[in-house]
Amino acid sequence: MQVTEVRVFPVNEEKLKAYVTITFDDSFVVRDLKVIKGNNGLFVAMPSKKRKDGTFKDTAHPVNNETRQMIESKVLAEYEKELAKQAEGSAGVDAQAGA
């Protein structure tokens with residue numbers, strides 16, 4: 001099983017940095033992963049649902065640490081690329097505004 005597409009939707013909040021949609025083998029999509037800024041840096045939270053008691057339960061998640069690390073590394077790499085793209089775009093806009 002391979003991650004064949006990662007789509008990142010950045011948000012500008014204190015802890016929540018982006019929503020993410022991933023596709024496996026060009027045939028299975030998982031939406032609503034989140035890039036979160038935690039105490040030890042960025043991490044990927046799996047999609048979850050709030051339960052009646054106020055806790056959250058993952059609705060989709062890897063069954064082993066190897067797969068979790070693979071997903072997290074691909075998602076965070078795409079998140080960094082998206083940030084770089086946005087920075088490039090805003091730098092270009094700033095340069096044009098000064099011209």
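See the structure above.
Residues numbered from 1 in each chain as written. Predicted model: local features only at pLDDT ≥ 70, side-chain atom pairs only at ≥ 80, totals over all residues. Heavy atoms only, no water.

J.: So what exactly am I meant to see when it comes to the nonpolar core here?
T.: Among soluble globular proteins, nonpolar side chains are generally buried collectively. Ranked by internal contacts, the top residues of the largest apolar core, which has 16 residues, are Val-6, Val-20, Ile-22, Leu-33, Val-35, Ile-71 and Val-75. Of all the secondary structure elements, the ones that give two or more residues to this core are strand 1 (3-10), strand 2 (16-24), strand 3 (28-38) and helix 1 (65-98). Once residues within four sequence positions are removed from consideration, Val-35 is found in contact with Lys-15, Leu-16, Lys-17, Ala-18, Val-20, Leu-42, Phe-43, Val-75, Leu-76 and Tyr-79. (Core = buried A, V, L, I, M, F, W, Y, C linked by side-chain atoms within 4.5 Å. Buried < 20%, exposed > 50% of the residue type's maximum accessible area, 1.4 Å probe, protein only. Helix = DSSP H or I, 4+ residues; strand = E, 2+ residues; numbered from the N terminus. Contact = heavy atoms within 4.5 Å.)

J.: What exactly am I supposed to notice about the side chain of Lys-17 here?
T.: Here Lys-17 lies in strand 2. Notably, Lys-17 is buried but unbridged: the nearest opposite-charge side chain belongs to Glu-14, and the N-O separation is 8.2 Å. For Lys-17, the residues in contact, after removing those within four places along its chain, are Pro-10, Val-11, Val-35, Lys-37, Leu-42 and Tyr-79. (Lys, Arg positive; Asp, Glu negative; His and termini not counted. Salt bridge = Lys/Arg side-chain N within 4 Å of Asp/Glu carboxyl O.)

J.: Hey, could you run me through the sheet that holds strand 4 (residues 41-45) in this one?
T.: Strand pairing within a sheet occurs via backbone hydrogen bonds; the two strands may be parallel or antiparallel. Pairing in this open sheet of four strands is antiparallel, and the strands run 1-2-3-4 from one edge to the other. Edge strands, defined here as strands with exactly one partner in the open sheet, are strand 1 and strand 4. Here the strands of the sheet are splayed against their neighbours by 25 degrees on average, with no regard to which way each runs. Note: strand 3 against strand 4, five bridges, orientation antiparallel. (Pairing = 2+ DSSP bridges. Axes fitted to C-alpha atoms, helices over the stretch in contact; angles between N-to-C directions.)

J.: What is the right way to look at the layout of surface pockets in this model?
T.: Rolled over the atoms, a probe as big as a water molecule pinpoints where empty space is left. Of the voids in this model, the largest pocket is the one considered here, and its volume is about 150 Å³. As for the largest pocket, its lining consists of 14 residues, of which Phe-24, Val-30, His-61, Pro-62 and Ile-71 are closest to the centre. Partitioned by chemical class, the residues of the lining of the largest pocket number 12 nonpolar, two polar and no charged. (1 Å grid on protein atoms, 1.4 Å probe; cavity = no way out; pocket = protein on both sides within 12 Å on 5 of 7 lines; lining within 4 Å. Points joined across faces, edges and corners; volume = space filled by probe spheres on them. Nonpolar A, V, L, I, M, F, W, Y, C, P; charged D, E, K, R; others polar.)

J.: Explain the side chain of Thr-21 to me, please; I cannot follow it from the model alone.
T.: Tracing the backbone shows Thr-21 in strand 2. When sequence neighbours within four positions are dropped, the list of residues in contact with Thr-21 reads Glu-5, Val-6, Arg-7, Phe-9, Val-29, Val-30 and Arg-31.

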